[in-house]
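Understanding the architecture of this molecule
Each chain, letter by letter, is given below.
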Amino acid sequence: LNASATRFAGANRYQTGAVISSATFPGRVQRVFVASGENFPDALAAGPIAAKAEAPLLLVPRFGAVPESVADELRRLEPDQIVVVGGDPSVSGAMEAALAEFASNPVSPTMRIQGQNRFETARLLAESAGFSQPEFVWVVSGLGFADALSVGSAAAARGEPLLLVPGTSTSVDQETLDLISQLDPDRIKIAGSNATVSSGIAAQLSTIKPVDRHGGSDRFETSWLIAQASGLDSTTVYIANGLNFPDALAGGVAAGVNGAPLVTSFP
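Below: a short report on this structure. (Residues numbered from 1 in each chain as written. Predicted model: local features only at pLDDT ≥ 70, side-chain atom pairs only at ≥ 80, totals over all residues. Heavy atoms only, no water.)

**Notes on the sheet that holds strand 8 (residues 211-214)**
Spatially, four strands are ordered 6-5-7-8 in an open sheet, and the strand pairing comes out parallel. Only two strands of the sheet have a single partner each, and these edge strands are strand 6 (162-165) and strand 8. Put simply, the sheet's adjacent strands are angled 25° from each other on average, direction ignored. Bridging between strand 7 (residues 187-191) and strand 8 involves four bridges; their strand directions are parallel. Following the sheet pairing, Ile-190 is matched in strand 8 by Arg-213. Set on the sheet, helix 6 (residues 146-158) makes contact with strand 5 (136-141), strand 6 and strand 7; between it and strand 5 the angle comes to about 165°. (Pairing = 2+ DSSP bridges. Helix = DSSP H or I, 4+ residues; strand = E, 2+ residues; numbered from the N terminus. Axes fitted to C-alpha atoms, helices over the stretch in contact; angles between N-to-C directions. Contact = heavy atoms within 4.5 Å.)

Below, the structure is given as structure tokens:
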């Protein structure tokens, strides 16, 4: 294998996200998406939406001050608006108020997209992006995040939505089914084996559109299968830790913006 490697890394997950943002977005942006760096479902669903909007995704803690590395990156980006993803249990109102100081829009410096749970938040994100008849809708468990990391980059690169489902359940809520019908994709792609997204959910989804499942014997094989299924023709591949997830969240947006897959590996 004759390939060069570039590492994007910071002292912690917040600085790593800022480093990735800086490398991917060299100039000003209209929007920045911000999600919890302590719990990951909102950031997973936000990744494809941020990439579609050509906006970075930065991570913050729920409480406290905006991390200095994130603050520095926001000053550099000079966004008109900051989109906060998730409710107060994910990103507090105080954190949102602190983030508003970095947006240049005096009327609406921040906008929050939140549902009553992670599944509704993912639906609201997809609805906000204005998808119209995408080739694929990607479906992944919202209860475990390993499979979703590669899906996020694939969906982002292809400009397609990612929806979360309660994978171990036997059925999907009606609102998610209605949204998929409304989006009217050619196919539905499930990430993960039956142990991750149940056969009952797959059968239910197949009543709407044809379903493809991409699931390997473990998260790493699944990651490669998803990358192959994405059909992305890129000379660049992003690689992230498959055992701990925050670095892959911001990395998935960068991969999507650059039309490249992200695969997970052992540390």
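**Section: the nonpolar core**
A general trend in soluble globular proteins is that nonpolar side chains are found buried together. One finds Phe-33, Leu-74, Ile-82, Leu-99, Val-139 and Leu-205 to be the most contacted residues of the largest nonpolar core, which totals 81 residues. Residues in contact with Phe-33, not counting those within four places in the same chain, are Ile-49, Ala-50, Ala-53, Ala-55, Pro-56, Leu-57, Leu-58, Val-83 and Val-85. (Core = buried A, V, L, I, M, F, W, Y, C linked by side-chain atoms within 4.5 Å. Buried < 20%, exposed > 50% of the residue type's maximum accessible area, 1.4 Å probe, protein only.)

**Focus on the sheet that holds strand 4 (residues 110-113)**
The strand order across the open sheet built from four strands is 2-1-3-4, with neighbouring strands paired in parallel fashion. Strands with a single pairing partner mark the edges of an open sheet, and in this sheet they are strand 2 (57-60) and strand 4. Across the sheet, the axes of successive neighbouring strands diverge by a mean angle of 30°, strand direction being ignored. As defined by bridge partners, strand 1 (residues 31-36) adjoins strand 2 across four bridges and the pair is classed as parallel. Note on strand 2: the bridge partner recorded for Phe-33 is Leu-57. Across the sheet, helix 4 (residues 93-100) is in contact with strand 1, strand 2, strand 3 (81-85) and strand 4; its angle to strand 4 comes to roughly 145°.

**Things to note about the pairing of strand 3**
Along strand 3, five of the five residues are buried, which leaves the element largely enclosed by surrounding structure. Going residue by residue along strand 3, you find Gln-81, Val-83 and Val-85 tucked away on one face and Ile-82 and Val-84 tucked away on the opposite face as well. Examined bridge by bridge, strand 1 and strand 3 share four bridges and lie parallel to one another. Directly across from Val-32, in strand 3, lies its bridge partner Ile-82. Taken together, the four bridges between strand 3 and strand 4 define a ladder with parallel strand orientation. Counted as the bridge partner of Val-83 is Met-111 from strand 4.

**Brief notes about the packing of helix 2 (residues 41-52) against helix 5 (residues 118-128)**
Running from N to C, helix 2 and helix 5 point in directions that differ by 10°, and their axes come no closer than 9 Å. Here helix 2 is positioned roughly parallel relative to helix 5, judged by the angle of their axes. Crossing hand, helix 2 versus helix 5: right-handed. In this structure, helix 2 uses Pro-41, Asp-42, Ala-45, Ala-46 and Ile-49 to contact helix 5, whose residues at the interface are Arg-118, Thr-121, Ala-122, Leu-125, Ala-126 and Ser-128. A per-class count over the contact of helix 2 with helix 5 returns seven nonpolar, two polar and two charged. (Parallel < 35°, antiparallel > 145°, perpendicular 65-115°, else oblique. Left-handed = near helix turned anticlockwise from the far one by under 90°. Nonpolar A, V, L, I, M, F, W, Y, C, P; charged D, E, K, R; others polar.)

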